[in-house]
Amino acid sequence: MKMFWIFCNESVAEDLMEVLNKNGITGYFVWKNVLFRDNVSGKTHWDDAIYPGKDWAFMVFCDDEDVLVLKEKLTHLEEEPYIKQAGIKAFVAEAEKVL
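Draft legend 1. Region of interest: the pattern of salt bridges. Inspection of every chain in the model, using the stated rule, returns three salt bridges. The partner of aspartate 64 in a salt bridge is lysine 2, with the nearest N and O atoms 3.6 Å apart. Of this pair, aspartate 64 sits in helix H2 (residues 64-78) while lysine 2 sits in strand E1 (residues 2-9), placing them 62 residues apart in sequence. A salt bridge links glutamate 94 to lysine 2, with the nearest nitrogen and oxygen atoms 2.2 Å apart. Residue glutamate 94 is found in strand E4 (residues 88-94), and its partner lysine 2 is found in strand E1; the two are separated by 92 residues along the sequence. A residue is classified by how much of its surface remains accessible, and lysine 2, at 15% relative accessible area, is buried.

Draft legend 2. Representation of H2 within the structure. For H2, built from 15 residues, the straight-helix expectation of 21 Å at 1.5 Å per residue is met to within 8% by its first-to-last C-alpha distance of 21 Å. Those residues of H2 not exposed but buried are Val67, Leu70, Leu74 and Leu77. The arc that holds every buried residue of H2, seen down its axis, measures 90°, which confines them to one face. Opposite its buried face, H2 presents the exposed residues Glu65, Leu68, Glu72 and His76, each directed more than 90 degrees away. Considering only its buried residues, H2 is in contact with E1, helix H1 (13-22), strand E3 (55-62), helix H3 (81-86) and E4. Taking the backbone nitrogen of glutamate 65 as reference, a side-chain oxygen 3.2 Å away marks aspartate 63 as the first, capping residue of H2.

Criteria and cut-off values
- Residues numbered from 1 in each chain as written.
- Predicted model: local features only at pLDDT ≥ 70, side-chain atom pairs only at ≥ 80, totals over all residues.
- Heavy atoms only, no water.
- Salt bridge = Lys/Arg side-chain N within 4 Å of Asp/Glu carboxyl O.
- Helix = DSSP H or I, 4+ residues; strand = E, 2+ residues; numbered from the N terminus.
- Buried < 20%, exposed > 50% of the residue type's maximum accessible area, 1.4 Å probe, protein only.
- Expected span 1.5 Å × (residues − 1).
- Arc of directions from axis to C-beta.
- Contact = heavy atoms within 4.5 Å.
- Polar contact = N/O pair within 3.5 Å; in protein donor to acceptor, adjacent residues only side chain to side chain.

Interpretation in functional terms is not warranted from these geometric data alone.
Structure representation (C-alpha coordinates):
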(Lines give C-alpha, C1' and ligand atoms only; values in the text may rest on other atoms or scores of the structure.)
Protein backbone atom coordinates (compact mmCIF):
# COMPACT_ATOMS: atom_id res chain seq x y z
CA MET A 1 0.00 0.00 0.00
CA LYS A 2 1.16 3.53 -0.76
CA MET A 3 0.48 6.86 0.86
CA PHE A 4 0.17 9.51 -1.83
CA TRP A 5 0.42 13.10 -0.59
CA ILE A 6 -0.66 15.96 -2.82
CA PHE A 7 -0.33 19.63 -1.94
CA CYS A 8 -1.85 22.42 -4.02
CA ASN A 9 -2.92 26.02 -3.85
CA GLU A 10 -6.52 26.43 -2.70
CA SER A 11 -7.38 27.95 -6.08
CA VAL A 12 -6.90 24.59 -7.84
CA ALA A 13 -8.15 22.22 -5.12
CA GLU A 14 -11.44 21.60 -6.94
CA ASP A 15 -9.52 20.58 -10.07
CA LEU A 16 -7.49 18.14 -8.01
CA MET A 17 -10.58 16.65 -6.38
CA GLU A 18 -12.06 16.14 -9.82
CA VAL A 19 -8.99 14.12 -10.85
CA LEU A 20 -9.24 11.97 -7.73
CA ASN A 21 -12.98 11.42 -8.07
CA LYS A 22 -12.82 10.52 -11.77
CA ASN A 23 -9.96 8.05 -11.47
CA GLY A 24 -11.16 5.37 -9.09
CA ILE A 25 -9.94 6.88 -5.83
CA THR A 26 -12.59 5.75 -3.37
CA GLY A 27 -11.60 7.99 -0.48
CA TYR A 28 -9.04 10.51 0.65
CA PHE A 29 -8.24 12.87 3.50
CA VAL A 30 -8.19 16.65 2.98
CA TRP A 31 -6.62 19.36 5.08
CA LYS A 32 -7.66 22.90 4.17
CA ASN A 33 -5.83 26.07 5.16
CA VAL A 34 -2.36 24.54 4.98
CA LEU A 35 0.48 27.07 5.04
CA PHE A 36 3.52 26.57 2.81
CA ARG A 37 6.85 28.38 2.91
CA ASP A 38 8.92 28.23 -0.30
CA ASN A 39 12.25 30.04 -0.18
CA VAL A 40 13.19 29.00 -3.72
CA SER A 41 10.38 29.50 -6.25
CA GLY A 42 8.45 32.27 -4.49
CA LYS A 43 5.21 30.30 -4.18
CA THR A 44 4.89 30.84 -0.45
CA HIS A 45 1.29 30.77 0.76
CA TRP A 46 1.30 32.12 4.31
CA ASP A 47 -2.21 33.65 4.35
CA ASP A 48 -0.99 37.16 5.17
CA ALA A 49 -0.54 40.47 3.34
CA ILE A 50 2.96 39.60 2.15
CA TYR A 51 2.33 35.97 1.11
CA PRO A 52 -1.42 35.69 0.43
CA GLY A 53 -3.19 32.40 -0.16
CA LYS A 54 -3.33 28.99 1.43
CA ASP A 55 -2.83 25.43 0.30
CA TRP A 56 -4.75 22.21 0.67
CA ALA A 57 -3.21 18.83 1.48
CA PHE A 58 -4.65 15.54 0.23
CA MET A 59 -3.65 12.13 1.55
CA VAL A 60 -4.64 9.07 -0.48
CA PHE A 61 -3.99 5.44 0.43
CA CYS A 62 -3.83 3.31 -2.69
CA ASP A 63 -2.08 0.45 -4.47
CA ASP A 64 0.83 0.69 -6.91
CA GLU A 65 -1.46 0.74 -9.95
CA ASP A 66 -3.40 3.73 -8.61
CA VAL A 67 -0.12 5.53 -7.94
CA LEU A 68 0.84 5.19 -11.60
CA VAL A 69 -2.55 6.47 -12.73
CA LEU A 70 -2.43 9.41 -10.33
CA LYS A 71 1.09 10.36 -11.35
CA GLU A 72 0.06 10.36 -15.01
CA LYS A 73 -3.13 12.37 -14.38
CA LEU A 74 -1.40 14.90 -12.13
CA THR A 75 1.41 15.38 -14.64
CA HIS A 76 -1.22 16.05 -17.29
CA LEU A 77 -3.09 18.42 -14.95
CA GLU A 78 0.10 20.36 -14.21
CA GLU A 79 0.49 21.09 -17.93
CA GLU A 80 -2.37 23.57 -17.57
CA PRO A 81 -0.78 27.03 -17.16
CA TYR A 82 -3.06 28.08 -14.29
CA ILE A 83 -2.25 24.86 -12.38
CA LYS A 84 1.48 25.28 -12.93
CA GLN A 85 1.32 28.89 -11.77
CA ALA A 86 -0.77 28.07 -8.67
CA GLY A 87 1.50 25.20 -7.65
CA ILE A 88 1.04 21.48 -7.08
CA LYS A 89 3.39 18.97 -5.43
CA ALA A 90 3.04 15.22 -4.95
CA PHE A 91 4.92 12.63 -2.88
CA VAL A 92 4.61 8.87 -2.43
CA ALA A 93 5.63 6.80 0.58
CA GLU A 94 5.14 3.23 1.74
CA ALA A 95 2.23 2.71 4.12
CA GLU A 96 1.14 -0.21 6.27
CA LYS A 97 -2.35 -0.47 7.70
CA VAL A 98 -2.15 -1.33 11.40
CA LEU A 99 -5.83 -1.01 12.46
